Amino acid sequence: MIHLALIGCGSISRDHLMALRVLGDRFRLIWVVDVDEEAARRVADEWGCRWTTDYRRVLEDPRVDAVDIATPHHLHAEMAVASAEAGKHIFLEKPMATTLEDADRIIAAADRAGVVLMVGYVFRYRPAFRRLHDMVADGRYGRPFLAHGLMEVYGPHFLAPWMKRKDQLGGGALFSAEGTCWI
Ligand SMILES: NC(=O)c1ccc[n+]([C@@H]2O[C@H](COP(=O)([O-])OP(=O)(O)OC[C@H]3O[C@@H](n4cnc5c(N)ncnc54)[C@H](O)[C@@H]3O)[C@@H](O)[C@H]2O)c1
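Residues numbered from 1 in each chain as written. Predicted model: local features only at pLDDT ≥ 70, side-chain atom pairs only at ≥ 80, totals over all residues. Heavy atoms only, no water.

Undergrad: What exactly am I supposed to notice about the domain arrangement of the protein chain here?
TA: As a measure of interface size, the accessible area lost when the parts come together is often cited. As assigned here, the protein chain comprises domain 1 (2-122) and domain 2 (150-183). With both sides pooled, the region where domain 1 packs onto domain 2 buries about 710 Å², and carbon together with sulfur makes up 58% of that total. By the criterion of area lost to domain 2, the three top residues of domain 1 are His73, His74 and Lys94, representing 52% of everything that side buries. Connecting domain 1 to domain 2 are zero salt bridges. The interface formed by domain 1 and domain 2 contains two residue pairs in polar contact (both at pLDDT 80 or more). Residues of the side of domain 1 that touches domain 2, tallied by class, amount to three nonpolar, three polar and one charged. (Domains from an automatic or database assignment. Buried area = accessible area lost by both parts, 1.4 Å probe. Salt bridge = Lys/Arg side-chain N within 4 Å of Asp/Glu carboxyl O. Polar contact = N/O pair within 3.5 Å; in protein donor to acceptor, adjacent residues only side chain to side chain. Nonpolar A, V, L, I, M, F, W, Y, C, P; charged D, E, K, R; others polar.)

This is how it looks when you write it as structure tokens:
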């Protein structure tokens, strides 16, 4: 049984929690964190777990095996490095960080600590994308020099304030698919 702390109780956390329900025999959610006290309390009430507004508190708890980081992009590096240094395994929402240097820092911290680090590029596991990957990898189209992708998102046109700030979102369509296609 993996004892998990969820850091960030915003939009995507609902999908994570849905997955945790399905994987209930393997995961137990023991902490939820959000700077928005109401958001943290709501999930904690629903799941019967502890809540806090300070993620460092969960890193101090030796019962926590792993963290699920689902916060704005500019916080990923700080939280992931601190989690690795606390010996926690990490599922980190995409994108890894807002700069290459920060991404390298996260990888180095996870390597040093010997913890599992997984970045949530969930589309990579979709059958259509896997098939596309295999078609390119087996060489039948030669060596690609350009890829053009179009993603349509049908959803609420809601942008959290941090998604409108380049320093917090980071940049580029490949970097942050949802943010950029909604803008
Ligand atoms: N894989 C996907 O399909 C997918 C889809 C949507 C979002 N995401 C990713 O998930 C992450 C979160 O996106 P979202 O849409 O849920 O954003 P959101 O703004 O809805 O949620 C972020 C949450 O983090 C909380 N937060 C902010 N600072 C915090 C701090 N210091 N400590 C603890 N909590 C803090 C906010 O209060 C908010 O509740 C981003 O990395 C985003 O790119 C992935």
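Undergrad: Hey, could you run me through helix 2 (residues 37-47) in this one?
TA: Note: α-helices contain 3.6 residues per turn, so residues at a spacing of three or four share the same orientation. Those residues of helix 2 lying buried are Ala39, Ala40, Val43, Ala44 and Trp47. Buried positions in helix 2, seen along its axis, are confined to an arc of 125° and lie on one side of it. Across helix 2 from its buried face, at more than 90 degrees, point the exposed residues Glu38 and Asp45. Buried-residue contacts for helix 2 involve helix 1 (11-22), strand 2 (27-33) and strand 3 (50-52). At the C-terminal side of helix 2, Gly48 shows a positive phi close to 65°. (Buried < 20%, exposed > 50% of the residue type's maximum accessible area, 1.4 Å probe, protein only. Helix = DSSP H or I, 4+ residues; strand = E, 2+ residues; numbered from the N terminus. Arc of directions from axis to C-beta. Contact = heavy atoms within 4.5 Å.)

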